[in-house]
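Fold and geometry: a report
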Amino acid sequence: MSKPKITVIGSINMDLVTKTNTIPKVGETVLGESFFTIPGGKGANQAVAAARLGAGVTMIGCVGDDAFGNELKNHLTAQGVSVENVKTIPETSTGIASITLSNGDNSIIIVSGANHFVTPEVVKQHEHLIAESDIVLLQLEIPLQSVMEAVQLAKRHNVQVILNPAPIQKLPKELILQVDYITPNEHEQEMLLSASNMSDEELKLVKEKCIVTKGSKGVMLYQYGETLIQGYKVNAVDSTGAGDSFNGALAFSLSNGAALKESCQFANAVAALSVTKLGAQAGMPTLDEVEAFVS
Ligand code: ADP
């Protein structure tokens, strides 16, 4: 059987994590405890989740012409994600998230950098790739116009689209109505349905496409009435990227031809496994690991 083809159009970031006892006030300098870099960005995370499971994943995105850009492309390649269509943008920084962790609190600065350059034109240049995909997987860390372009191209070629509406923002209802599946978490679902100015009929249609992730409680789908898939009881160590694991796994399973409920059950197991290890991508399991976990 040939591998399912998933195209992820989205962000590629390096997370720069500093641990410190004291967060400096304006004008103050403090000594931190430790520093590390972790590959991230919702697009890249979801691409890695699907590739680990065995999908043929192509990433469309942009990095800057700095050291992080190269490192992230090499990293994605090592994880089995094709980066042939990841563009390097001259004189631009790679997207970063600067994260300060201090005694259980965190503060985060995100700089989109090269992710801004995933323009509608860049998306258009890859129409052939979109057309050949089994599924296109999207999030909201690239310009919204580009997400809309990707959805239109996918629909032109009858390709299924999953939209993970994160980070949540006000979305045009045309976009929401066109995608096949929307995967908000509980907080995003509220914003999604309240902010988009839809009629009751449209709201009903949209709700049926919603697959709502509910953290440790599991997943709710609304396609044939409400169905709750219970979360697995695991020793949760780090829930960063749980949603990304879920989306990558959902895309993998649907593109393999599995039904929606079965795919959500599978993604629920993948995401549960992912929270048992530290780091968004580090905990993303292989298919063998998932099979061992659910058996
Ligand atoms: P996000 O990371 O986008 O906020 P959630 O927190 O809803 O998303 O998590 C996504 C999915 O990850 C959940 O639907 C569930 O399948 C799994 N998950 C998250 N946290 C846990 C947990 N503590 N135990 C088991 N599964 C979890």
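Just so we're clear, the structure is a prediction, and the values are computed from it rather than from any experiment.

Scoring rules and cut-offs
Residues numbered from 1 in each chain as written. Predicted model: local features only at pLDDT ≥ 70, side-chain atom pairs only at ≥ 80, totals over all residues. Heavy atoms only, no water. Helix = DSSP H or I, 4+ residues; strand = E, 2+ residues; numbered from the N terminus. Buried < 20%, exposed > 50% of the residue type's maximum accessible area, 1.4 Å probe, protein only. Contact = heavy atoms within 4.5 Å. Pairing = 2+ DSSP bridges. Axes fitted to C-alpha atoms, helices over the stretch in contact; angles between N-to-C directions. Parallel < 35°, antiparallel > 145°, perpendicular 65-115°, else oblique. Left-handed = near helix turned anticlockwise from the far one by under 90°. Nonpolar A, V, L, I, M, F, W, Y, C, P; charged D, E, K, R; others polar. Near = heavy atom within 4 Å. Polar contact = N/O pair within 3.5 Å; in protein donor to acceptor, adjacent residues only side chain to side chain. Areas by Shrake-Rupley, 256 points an atom, 1.4 Å probe, with all protein chains shown as cover.

1. Overview of the side chain of S245
- Residue placement: S245 occurs in helix 9 (residues 242–255).
- Using a relative accessible area of 0% as the deciding quantity, one classes S245 as buried.
- Beyond its immediate chain neighbours, meaning those up to four positions away, S245 contacts A49, V270, A271, S274 and M284.

2. Thoughts on the pairing of strand 8 (residues 105–111)
- Burial of strand 8 is sparse: only zero of the seven residues sit out of reach of the surface.
- Across seven bridges, the pairing between strand 7 (residues 95–102) and strand 8 is antiparallel. Residue A97 lies in a different strand from strand 8, and its bridge partner there is I110.
- Between strand 7 and strand 8, which pair antiparallel one after the other, the connecting turn spans two residues, and N103 there sits at a positive phi close to 45°.

3. Some thoughts on unusual backbone geometry
- The linkage connecting A166 with the following residue, P167, adopts the cis geometry, with an omega of -5°.
- With phi around 45°, N103 is a residue other than glycine that occupies positive phi space.
- Relative to the elements of secondary structure, N103 occurs in the loop between strand 7 and strand 8.
- Take N103: its relative accessible area is 61%, and that puts it in the exposed class.
- Residue N158 is not a glycine yet carries a positive backbone phi of 55°.
- Structurally, N158 can be placed in the loop between helix 5 (144–156) and strand 10 (160–163).
- By relative accessible area, which is 70% here, N158 ends up exposed.

4. Describing the sheet that holds strand 13 (residues 218–221)
- Reading across the sheet, the three strands line up as 12-13-14 and stay open at both edges, with antiparallel pairing between neighbours. Of all the strands in the sheet, the pair left with one neighbour each is strand 12 (211–213) and strand 14 (227–230). On average, adjacent strands in this sheet sit at an angle of 20° to one another, irrespective of strand direction.
- Strand direction decides the pairing type here: strand 12 and strand 13, joined by three bridges, are antiparallel. By the bridge assignment for strand 13, I211 is matched with L221.
- Of the strands in this sheet, strand 12, strand 13 and strand 14 are in contact with helix 10 (residues 260–274), which crosses strand 14 at around 30°.

5. Considering the packing of helix 1 (residues 42–53) against helix 9
- Running from N to C, helix 1 and helix 9 cross one another at 50°; their axes reach a closest spacing of 8 Å. Taken as axis vectors, helix 1 and helix 9 run oblique relative to one another. Helix 1 and helix 9 meet at a crossing whose hand is right-handed. Facing K42, N45, Q46, A49, A50 and L53 of helix 1, the residues of helix 9 in contact are D244, S245, N247, G248, A249 and F252.
- For the contact of helix 1 with helix 9, the residue count by class is five nonpolar, five polar and two charged.

6. Re the site of the ligand
- T213, G215, G218, G243 and N268 are the nearest of the 16 residues found near the ligand.
- For the ligand, an oxygen atom lies 3.0 Å from a polar atom in the side chain of N185.
- K214 has a polar backbone atom sitting 3.5 Å from an oxygen atom of the ligand.
- For the ligand, whose unbound accessible area comes to 550 Å², protein coverage reaches 82%.
- At the level of elements, strand 13, helix 9 and helix 10 are the ones that each hand at least two residues to the shell around the ligand.
- The element that contributes the greatest number of residues to the shell around the ligand is helix 10, accounting for three residues.

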